[in-house]
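# Coordinate analysis (summary)
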Amino acid sequence: MAHPVLAVVSEAFPLVKTGGLADVAGALPLALAPEGFAVRTLLPGYPGVLARLEGAKPVVDWPDFFGGPARVVSGSAAGLDLLAIDAPHLYARTGGPYAGPDGIDWPDNGLRFAALAWAGAQVAQGAIAGWRPALVHAHDWQAGLVPAYLRFGGGPRVPSVVTVHNLAFQGQYPKALLAAFRLPPAAYGVDGVEYYDTIGFLKAGIALADRITTVSPRYALEIRTSEFGMGLDGLLRERASVLTGILNGIDTTEWDPAADPRIAAPFDAKRLAAREANRAALRQRMGLAAEPSAPLFGVVSRLTWQKGIDVLLDALPELLASGSQLAVVGTGDGALQNALLRAAQSNPGQVAAFIGFDESLAHLVQAGSDAILVPSRFEPCGLTQLCALRYGAIPVVSRVGGLADTVIDANEMALAAGTGNGMQFSPVTRDALALALARTLAVWRDREAWQRLQRQAMATDVGWQRPARHYAALYRSLIA
Ligand code: ADP
Ligand code: GLC
């Protein structure tokens, strides 16, 4: 008999996605099934989620749910066993999961995600007749309060895991909202939800969960330092004995160059020549000049400070001087978007930027680029470099977090030994990136060495099986 597990999360691919969190939430449950865990995923009932729920059936009624009525609806989609909170006053909005069409965060996000976590705790403690999970797994700040409701709300004890996907987003709200969030006064202490005189969602999760995980072993170490800890490093050092890093995988069915309907031509490590058609298609789609002999660099990213896009823009002159082309697909900060559009305008045919979220185009960038640039200042795990490995696009990454844990630098010895699968650089500066580009191009010009590197990249195990075994072991340690 499989152990029932409740996952609580604010996005899950393919129903709703703004980044890697959705990919993880959409894939991990499937990978855990063969390990003996039956995961049910609780999501806010955004319109896009409710519309895709198959076999929808109400299982819980809450007439007074944070300012309006709510039902929990169970159903399935994309192989996931889902619970959606149908609470129109909180989630029935056009726009993204966190912000309206104007990109501005919903003003009541504190309430919206306190409600998600409260519902998670209720369901964990048996609100659904006939279903009791053995543990609850809460993801990121949006579900960070789950352990707080479990600890301070009374009711049966349920083991909890909190996974930190990104310490940069912590969910901090005024302490005046404590009662509105249905947290008792006793919860507001240094050992509870209090965080620099506010309510800290992620802080609460880290303080109160039985186990804390993050998405790479290296990030699990980095976040205990003041350089990467974003104010939580002290608490993370205190809780180090229950903190571990488990690498993400990617869905290798969704990301399969040999059978990807979103790319121009299928290929695999034995048919690398077929990549050429994808390079051509990418150039054409992005409006880059038809120059098959020019190296083609790709970026698929949120456009934020974290991702080092400004550093890439600083190093652009070097990239251009080498005769390379650059294709960027991303969305995020207005200033970075504009800077990229300006760069494309000033370098027609050589630089192209698509501002927006486009899953299909992301696949084509991976299939058609020679190398994928990920110059992140910090990166908990990163999925784009894993997709790149799978698609034989050589990842050129900064040596931080999950990038350091997944990309093996193809230095001279690694190339000779056949172990490298990409390029690392450090620190995250224009000069270091420019040198990495030069080093990448030196290998690129040696076609045989480059193809060997591509094959090594494509042979890297980027699937979910190995990580899922780590999660399964962690789960078992909690329910034993
Ligand atoms: P993060 O979660 O920090 O944004 P990850 O690398 O973990 O970074 O995951 C990003 C995910 O989102 C990947 O699946 C990537 O392909 C996708 N992605 C990011 N930006 C875009 C975009 N503009 N269009 C399509 N997919 C995108
Ligand atoms: C976060 C991180 C990213 C990670 C993703 C999924 O968005 O920024 O590094 O891969 O979560 O865990």
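### Section: the site of ligand 1
Within the structure, ligand 1 sits among 19 residues, and Gly-20, Asp-23, Arg-302, Gly-356 and Leu-383 are positioned closest to it. Measuring from an oxygen atom of ligand 1, one finds a side-chain N or O atom of Lys-17 at 2.9 Å. Take Leu-383: an N or O atom from its main chain is 2.8 Å from an oxygen atom of ligand 1. Against a free-state accessible area of 560 Å², the protein chains account for coverage of 93% of ligand 1. Breaking the shell around ligand 1 down by element, the ones donating at least two residues are helix H1 (20-32), strand E13 (296-303), strand E14 (325-332) and helix H13 (359-368). Per-element tally for the shell around ligand 1: the top contributor is E13, with 3 residues. Here the shell around ligand 1 is composed, by residue class, of 5 nonpolar, 7 polar and 7 charged.

### Some words on the state of the cysteines
Here the structure, examined in full by the defined rule, presents 0 disulfides. Cys-387 supplies the cysteine sulfur nearest to Cys-381, a cysteine that is in no disulfide, at a spacing of 10 Å. In this structure Cys-387 comes out as buried when scored by relative accessible area, which is 5%.

### With respect to the pairing of strand E6 (residues 135-139)
On a regular strand, each side chain points to the face opposite its neighbour's, so the side chains alternate between the two faces of the sheet. A large share of E6 lies buried, amounting to 5 of its 5 residues. A two-sided burial pattern is seen for E6, the buried positions comprising Leu-135, His-137 and His-139 on one face and Val-136 and Ala-138 on the other. Pairing analysis gives 4 bridges linking E6 to strand E7 (residues 160-164), with the strands arranged parallel. By the bridge assignment, His-139 is partnered in E7 with Thr-163. Handedness of the E6-helix H5 (residues 146-152)-E7 crossover: right-handed.

### Some thoughts on the pairing of strand E5 (residues 80-86)
The element E5 is largely enclosed, with a buried count of 6 among its 7 residues. Taken together, the 7 bridges between strand E4 (residues 70-77) and E5 define a ladder with antiparallel strand orientation. Bridging across to E5, Ala-77 finds its partner in Leu-80. Where E4 folds back onto E5 in an antiparallel hairpin, the turn is made up of 2 residues, including Ala-78, whose phi is positive at roughly 50 degrees.

### What about the nonpolar core?
Phe-65, Leu-145, Tyr-149, Leu-183 and Leu-326 are the most contacted members of the largest nonpolar core, which has 150 residues in total. Counting residues per element, this core draws most heavily on helix H4 (residues 109-124), which supplies 10 residues. Both domains that meet at this core, namely domain 1 (3-249 + 464-479) and domain 2 (272-458), each give it at least three residues. Each residue touching Phe-65, except ones within four places of it in the same chain, is listed here: Ala-70, Ile-85, Ala-87, His-89, Leu-90, Ala-115, Trp-118, Ala-119 and Arg-182. Counting residues in each nonpolar core, the second largest holds 19 residues, with Leu-32, Phe-37, Trp-464 and Tyr-475 among its members.

### Details of the domain arrangement of the chain
Looking at the assigned domains, one finds that the chain contains domain 1 (3-249 + 464-479) and domain 2 (272-458). Each of domain 1 and domain 2 was reduced to a C-alpha centroid, and the two centroids are 32 Å apart. Summed over both sides, the interface of domain 1 with domain 2 buries roughly 1,400 Å², with 65% coming from carbon and sulfur. On the domain 1 side of the contact with domain 2, Lys-17, Arg-218 and Leu-247 bury the most area, a combined 28% of that side's loss. For the pair domain 1 and domain 2, the number of links is 1 salt bridge. We note a salt bridge from Lys-17 to Glu-359, for which the minimum N-O separation is 3.4 Å. Counting the contacts that link domain 1 with domain 2 gives 7 residue pairs in polar contact (both at pLDDT 80 or more). For the side of domain 1 that touches domain 2, the secondary-structure elements that each account for two or more residues are H1 and helix H7 (217-222). Per-element tally for the side of domain 1 that touches domain 2: the top contributor is H7, with 4 residues. In the side of domain 1 that touches domain 2, the residues fall into 9 nonpolar, 7 polar and 4 charged.

### Here we look at the sheet that holds E7
With mixed pairing, 9 strands are arranged side by side in an open sheet as E3-E4-E5-E2-E1-E6-E7-E11-E12. If you trace the sheet from one side to the other, it starts and ends with strand E3 (54-62) and strand E12 (243-245), each paired once. Taken pair by pair, the neighbouring strands of this sheet meet at an average axis angle of 25 degrees, ignoring direction. Lying on the sheet, H4 is in contact with strand E1 (3-8), strand E2 (37-44), E3, E5 and E6; it crosses E2 at an angle near 145 degrees.

### A few points about the layout of surface pockets
Once rolled over the atoms, a probe with the size of a water molecule shows which space is left empty. Here the second largest pocket is characterised by a volume of approximately 170 Å³. Around the second largest pocket sit Val-190, Glu-194, Tyr-195, Tyr-196, Lys-203, Gly-231, Leu-232, Gly-234, Leu-235 and Glu-238, which together line it. Among the secondary structure elements, those contributing two or more residues to the lining of the second largest pocket are strand E9 (194-195) and helix H8 (233-238). Sort the elements by how many residues they give to the lining of the second largest pocket and H8 lands first, with 3 residues. Looking at side-chain class alone, the lining of the second largest pocket contains 5 nonpolar, 2 polar and 3 charged residues.

Scoring rules and cut-offs
Residues numbered from 1 in each chain as written. Chains lettered and ligands numbered in written order. Predicted model: local features only at pLDDT ≥ 70, side-chain atom pairs only at ≥ 80, totals over all residues. Heavy atoms only, no water. Near = heavy atom within 4 Å. Polar contact = N/O pair within 3.5 Å; in protein donor to acceptor, adjacent residues only side chain to side chain. Areas by Shrake-Rupley, 256 points an atom, 1.4 Å probe, with all protein chains shown as cover. Helix = DSSP H or I, 4+ residues; strand = E, 2+ residues; numbered from the N terminus. Nonpolar A, V, L, I, M, F, W, Y, C, P; charged D, E, K, R; others polar. Disulfide = S-S within 2.5 Å. Buried < 20%, exposed > 50% of the residue type's maximum accessible area, 1.4 Å probe, protein only. Pairing = 2+ DSSP bridges. Right-handed = clockwise from strand over helix to strand, strands pointing away. Core = buried A, V, L, I, M, F, W, Y, C linked by side-chain atoms within 4.5 Å. Domains from an automatic or database assignment. Contact = heavy atoms within 4.5 Å. Buried area = accessible area lost by both parts, 1.4 Å probe. Salt bridge = Lys/Arg side-chain N within 4 Å of Asp/Glu carboxyl O. Axes fitted to C-alpha atoms, helices over the stretch in contact; angles between N-to-C directions. 1 Å grid on protein atoms, 1.4 Å probe; cavity = no way out; pocket = protein on both sides within 12 Å on 5 of 7 lines; lining within 4 Å. Points joined across faces, edges and corners; volume = space filled by probe spheres on them.

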